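Breakdown of the fold
Listed below are the residues making up each chain.
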Amino acid sequence: MLDELYQDIILDHYRHPRGRGELEPPKITQEGFNPSCGDEVILDLRVQDGRIQEVRFHGRGCSISQASASMMTEAVKGKTLEEARALIQQVLALVKGETEGDIVTLGDIVALAGVRNFPVRVKCATLAWHTLEEALKQAETGSPTV
Ligand code: ZN
């Protein structure tokens, strides 16, 4: 029952992705790749005054990888870099089955917990979040924006 609900949420994000597209420069671009499944997520971020003003993604891959990216863009827009980093840790712990997660604050993201019993799919679900982690490092070091 719960698994079906999770699946519905994931398919909804896959079919109607939020935050899909690219940003105009100046922006931070970070590519992520999951070789075990062939998933690709390219993130565009605009960070101003320590806050994520805009975020978009594009790429291709399985429904879990793309739905996860969709949920991620929705969740981190408007967040400070610290808040985004805290959220990444929360989501990674949830997906790996280390916590039950906070249903209230995570919203649709809790659906990703459905993959915790499938180690191969964990990489699909975490791809967008690891990619965001790398993008945030770029934002902090102020390294070249494209
Ligand atoms: Zn995948």
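Everything here concerns the structure above.
Residues numbered from 1 in each chain as written. Predicted model: local features only at pLDDT ≥ 70, side-chain atom pairs only at ≥ 80, totals over all residues. Heavy atoms only, no water.

All right, on to the coordination of the zinc ion then. Listed as protein donors to the zinc ion are C37 (SG), D39 (OD), D39 (OD), C62 (SG) and C124 (SG); their distances from the metal cover 2.1 to 2.8 Å. Of note, the donors binding the zinc ion are all from one chain and are spaced C-x1-D-x22-C-x61-C. Linking D39 in strand β2 (residues 39–48) with C62 in the loop between β3 (51–60) and α2 (63–76), this pair joins segments that are 23 residues apart in sequence. Owing to a relative accessible area of 0%, D39 belongs among the buried residues under this scheme. (Donors = N, O, S within 2.8 Å, 3.2 Å for Na, K, Ca; no water. Helix = DSSP H or I, 4+ residues; strand = E, 2+ residues; numbered from the N terminus. Buried < 20%, exposed > 50% of the residue type's maximum accessible area, 1.4 Å probe, protein only.)

For helix α5 (residues 119–141), which comprises 23 residues, the first-to-last C-alpha distance of 32 Å matches the rise-based estimate of 33 Å (1.5 Å per residue) to within 8%. Maximum bend of α5: about 45°, positioned at T126. All buried positions along α5 are accounted for by V122, C124, A125, T126, L127, A128, W129, T131, L132, A135, L136 and Q138. On its buried face, α5 is in contact with β1 (28–34), β2, β3, α2 and α3 (81–95). (Expected span 1.5 Å × (residues − 1). Bend = angle between axes of the 7 residues up to and from the residue. Contact = heavy atoms within 4.5 Å.)

What follows is about the sheet that holds β2. What links the strands of a sheet is backbone hydrogen bonding, and the strands pair in either a parallel or an antiparallel sense. Reading across from one edge, β1-β2-β3 is the order of the 3 strands in this open sheet, with antiparallel pairing throughout. The sheet is open, and its two borders are formed by β1 and β3, each paired with just one other strand. Neighbouring strand axes in the sheet, compared pairwise and without regard to direction, differ in orientation by 20° on average. For β2 and β3, the ladder comprises 9 bridges, and the chain directions are antiparallel. Each residue of the ladder has a partner; that of D44, found in β3, is R56. Running over the sheet, α2 touches β2 and β3 and is turned about 170° from β3. (Pairing = 2+ DSSP bridges. Axes fitted to C-alpha atoms, helices over the stretch in contact; angles between N-to-C directions.)

By the definition in use, this model includes 9 salt bridges. Across the pair D44 and K27 runs a salt bridge whose closest N-O atoms are separated by 2.9 Å. Remark: K27 occurs in the loop between α1 (2–15) and β1 and D44 occurs in strand β2; sequence separation between them is 17 residues. Take D44 and K27: they sit in the same class, and that class is buried. Note that E40 and R60 form a salt bridge whose closest N and O atoms lie 3.2 Å from each other. Of the two residues, E40 sits in strand β2 while R60 sits in strand β3, which places them 20 residues apart along the sequence. Shared partners join several salt bridges into a network, and the residues in it are D12, R18 and E74. (Salt bridge = Lys/Arg side-chain N within 4 Å of Asp/Glu carboxyl O.)

This part is about the packing of α2 against α5. Packing of α2 against α5 brings their axes to within 8 Å, and their N-to-C directions diverge by 35°. Classified by chirality, the crossing of α5 by α2 is right-handed. Along its contact with α2, which presents I64, S65, S68, A69, M72, A75 and V76, the element α5 presents R121, C124, A125, A128, W129 and L132. (Left-handed = near helix turned anticlockwise from the far one by under 90°.)

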